[in-house]
Amino acid sequence: MPEAPVPAAPAVPSVPSVPPTPPIPLSALLAREDLALRRIAGPADRDTVIHWAHTSEMTDPYPYLLGGELLLTAGVHVTPADATGPYFDTYVSRVAAAGGAAIGFGLAPVHDTVPRTLVAACEAHGLPLLEVPPQTTFSGVARAVWQLMAQARLAELRRVTEAQQSLAAAASRPDPVPSVLRQLAQRLTGWAALYGPDGAEIASAGRAPHETARQALAHLTAVVRPAPTTTPPSPPASPGTTARTPTTPPGTTVRTPPGPTAPPTGRPAVAAAPAPAARPVPSSATDSVAGSHLAAYALGAGQGFVLGVASPRREPGDHTIASVAAVLLSLLTGERRSGTGAARSSALVRVLLGASPEEVAPLLGTGRWVVVHARPDTQAADAVAASALGAALGSALVDLADGAVRVLLPAEREPGPQPGWALGVSAAVGPGDWATADAQAARALARARATRTALVGHGTRPGLTDLLPRDEADAHAQALLAPLGSAPALTETLRTWLSLHGSWDRTAVALSVHRNTVRQRIARCAALLDTDLDDPDVRMELWFALRRA
C-alpha cells in the first residue's frame, strides 16, 4: 500500500518560538548518571540546549512542537516496514523543521534497539539522537530536565539579584556613572560605554572589544537614539575627548530603519523633497560582530543618551542586568540634564490639587500618547522589573500595582515586544482620553495573555459604529445591556468571551478564573438578556453595544 503523503511543512521562522524557560545544555542531561542516556547520532556540539521535554507517539509531531524540545518516543508509531523504509527521514526532517533540539528513543517495550534508519536520518539532518535505556522512564527524563531548569533559574535569579545590589551601590558612590559602568562591565565580563546625544563616548569601563566591534556598537547606538527634530551644529569635542564617527565595517550588517532614497547620481534635484515622517525608535537593539555580542539601550530620559554593551558571550539574565543599569544611568544623566524629574513632580502636584490631565500634559511632553499594560510571563512584577520595563520602552512614567505595570508613553516611541512580558497597547490618544486608553490597554493585555502573544494592540480601524450618531449609539447600548448593569463581572466576562470568539479556556485565562465560572456567567448573561448567544447576529449586536459601553 503506498504511503500517505505527508503535508509540506509551513514556513518556519529562522528563530523557533521556544517556551520562556531557561535553556539547559544537552551535555548536562547526558552527564546525569541516574538516567544513563547515550548519544548515538548527531553532532556532539556542547552549545546544544533544550528548553523542554515532550513525549509524543504521533507519526508527525510537527504541529505540537514549540521548538527547542527533547522529543521522547518509544517508536509505537513505527511499523516493521517503516523501520527499513524512508519513514524516519521524513519524521526527523519534520522534527528539525519544527525546531526540535534532539530526539530520545526509548528501548522497550516496542523496540530492542534503535532502528538504523533513524540513526542515519539524525546524522543526515544534524539532529542529536539519544538512546534511553529500558530502566529509564520518560517521566524520569522530564523530571531531570525540570530539575536542571530549576537549578539554572535559581542561579540566574541569584546572579541578577547580586548584580542589582552591586549596581545600586555603585550608583550611590561619588562618581556614580563610571562606577555603574565598571560594575556592569564586571558583571557581564565585557565592556560598557555611555554615549552622548552626539554619538561620542562619554565614559567606558571594562576590556574594550575589537575595533570592528567597537565601531559596530557605536553604529548600533544610532538605531535607538531619537532623531533630532532640527539639525543643530555639532558641538566641539571637549579636551582629551575624541568624537567617533562610526562607519559600517566590511561584512557587518547593521539593522537600521529605512530612510529616504537619494536622487539618482547625475540628475539635479529640482526641488527639495518633503521631510520624511518621524520613524519609530526602538528602545533597544542587538547585534553580533567579530565574536562580540553587542547591545544598545536608549536611556529613559529621551535626551539621546545610550548605553552600549559588548560581551564575548550572552548569558541568561544579561538583558535584565543591563536594563537595571540603563534605569540607573537614566536617573543619573537625564534628570540633571533636562529637568524632567521636576516637571513630573510639578504635574503630580497639580493633579493632586485638582488639575485635569489636559492641564498637566504639557509638563510631560507634547503630542499624543499610548498606554501600555504589561505582566511578566512567569511571576508578579516588582519595582525593579517595572523600572527596567519603563526604561526598555523609553519612558519614566511607570505605575506598578497588583503585579501589573502601566506605562504612559509618547506615541512616537512605538512599543515593541519585550522578552518575558505580555503587553497590551492602546491607541494613540490625547490627554483627555487617557482613561479610555487605559481601558483599551487593559483589554489588549487580557487578549495577549489569553492568546499567549507577546504584544497586542488596540484596533484603530474605523467601524460601523462611526456611521451612527454617537448619542443614539450610546442610548441603544445602554438599553441593550441594562439587564447586566448591576453585575460588572458579567459584563466584563461577556466582553472577553465575545472578543475571544466564544473560547471558554482562553476567556478563563484572560480573566484568571475557572472555565466553569466562565460557563456559568455566560449562561447567566443569556438568561438576563433573554437571548440566544449562539446566534451570530446577537453576538454582533452585543459586541456593538459593549464597544459603546
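Relevant structure appears above.
Definitions and limits used
All residue numbers refer to position in the chain's written sequence, counted from 1. At least 70 in pLDDT is required for a residue's local features to be given in this predicted model, at least 80 for side-chain atom pairs to be given and counted, and no such filter applies to totals for whole chains, interfaces and linings, which use all residues. Computation of side-chain values: all heavy atoms of the structure, hydrogens and water removed. Only buried Ala, Val, Leu, Ile, Met, Phe, Trp, Tyr and Cys residues count toward a nonpolar core, and they belong to the same one when joined by side-chain atoms within 4.5 Å. Only protein chains enter the calculation, and the probe is 1.4 Å; a residue is then buried if its accessible area is under 20% of its type maximum, exposed if over 50%, and partly exposed in between. Where helices and strands are cited, they refer to DSSP runs of H or I of at least four residues and of E of at least two residues respectively, numbered from the N terminus. Contact definition: two residues touch when any of their heavy atoms are within 4.5 Å. Any Lys or Arg side-chain nitrogen found within 4 Å of a carboxyl oxygen on Asp or Glu counts as a salt bridge. Between any two strands, pairing holds if DSSP finds at least two bridges. Angles shown run from 0 to 180 degrees and are taken between the N-to-C directions of axes, each axis being a line fitted to C-alpha atoms and, for helices, limited to the stretch in contact. Residues form patches when they are more than 30% accessible in relative terms and have no salt bridge. Like charges link within 9 Å. Nonpolar side chains (Val, Leu, Ile, Met, Phe, Trp, Tyr) link within 5 Å. Here the open area of atoms and residues is found with the Shrake-Rupley method and a 1.4 Å probe, where only the protein chains shown may cover a residue.

A. Seen up close, the nonpolar core. Counting 29 residues, the largest nonpolar core has Leu167, Val180, Leu181, Leu184, Leu307 and Leu329 as the members making the most contacts within it. At the level of elements, α4 (138-171), α5 (176-188), β8 (191-195), β9 (201-206), β11 (292-298), β12 (306-311) and α7 (318-338) are the ones that each hand at least two residues to this core. A total of 8 residues in this core trace back to one element, the largest contributor, which is α7. Those residues within four positions of Leu184 in sequence are excluded, and the remaining contacts are Leu167, Ala192, Leu307, Val309, Ile321, Ala322 and Ala325.

B. Quick look at unusual backbone geometry. In the segment running from Ala108 into Pro109, the intervening peptide bond is cis, with an omega of 5 degrees. Locating Pro109 in the fold gives a position in the loop between β6 (102-106) and α3 (116-125). The phi dihedral of His501 is positive, around 60 degrees, even though this residue is not glycine. When you line up the elements, His501 lands in the loop between α13 (488-499) and α14 (504-511). Residue classification places His501 among the exposed residues on the basis of a relative accessible area of 65%. In this structure, Ser512 is a non-glycine residue whose phi angle is positive, near 60 degrees.

C. Summary view of the pattern of salt bridges. All chains considered together, the criterion is met by 12 salt bridges. Close ionic contact of Asp60 with Arg94 constitutes a salt bridge, the shortest N to O distance being 2.8 Å. Of the two residues, Asp60 is situated in the loop between β4 (52-55) and β5 (69-73) and Arg94 in helix α2 (residues 87-97); the sequence distance between them amounts to 34 residues. An identical accessibility class is assigned to Asp60 and Arg94; each is buried.

D. Broad picture of the sheet that holds strand β14 (residues 398-401). Ordered in space as β14-β15-β13-β16-β17, the 5 strands form an open sheet in which the pairing is mixed. Of all strands in the sheet, those bounded by a partner on one side alone are β14 and β17 (455-457). This sheet shows a mean twist of 20 degrees between the axes of neighbouring strands, independent of strand direction. As defined by bridge partners, strand β13 (residues 369-376) adjoins strand β15 (residues 404-410) across 6 bridges and the pair is classed as antiparallel.

E. Looking closely at the sheet that holds strand β7 (residues 129-132). Read across the sheet, 5 strands follow the order β2-β7-β6-β5-β4 without closing on themselves; strand pairing throughout is mixed. Strands with a single pairing partner mark the edges of an open sheet, and in this sheet they are β2 (38-41) and β4. When strand polarity is set aside, the average angle formed by the axes of neighbouring strands in this sheet is 30 degrees. Pairing of β4 with β5, which is carried by 4 bridges, proceeds in the parallel orientation.

F. Layout of the pairing of β7. Burial along β7 is two-sided: the face carrying Leu129 and Glu131 and the face carrying Leu130 and Val132 are both buried. Here β2 runs beside β7; their pairing, made up of 3 bridges, is antiparallel. Residue pairing across strands places Arg38 opposite Glu131, the latter belonging to β7. Across 4 bridges, the pairing between β6 and β7 is parallel. The residue of β7 that forms the bridge with Phe105 is Glu131.

G. View of a nonpolar patch on the surface. Side chains of Leu348, Val349, Leu352 and Leu353 sit close together on the surface and give an oily, nonpolar patch of about 450 Å² of accessible area. Tracing the sequence through the fold places Leu353 in the loop between α8 (340-352) and α9 (357-364). The exposure class assigned to Leu353 is exposed, which follows from its relative accessible area of 71%.

H. The environment of Thr378, seen in detail. Here Thr378 is to be found in the loop between β13 and α10 (383-393). Along the chain, Thr378 and Trp421 lie 43 residues apart, while their C-alpha atoms are 8.6 Å from each other.

I. Quick peek at the environment of Ala422. Tracing the sequence through the fold places Ala422 in strand β16 (residues 421-425). Overall, the relative accessible area of 6% leaves Ala422 in the buried class. Remark: the alpha-carbon pair of Ala422 and Pro376, spanning 46 residues in sequence, is separated by 6.2 Å. Look past the residues within four positions of Ala422 in its chain and what remains in contact with it is His373, Ala374, Arg375, Asp377, Leu445, Ala448, Arg449, Thr453 and Ala454.

J. Representation of the environment of Arg443. Topologically, Arg443 is positioned in helix α11 (residues 434-451). Remark: the alpha-carbon pair of Arg443 and Ala510, spanning 67 residues in sequence, is separated by 9.1 Å. In contact with Arg443, other than residues within four places in its own chain, are Glu492 and Arg495.

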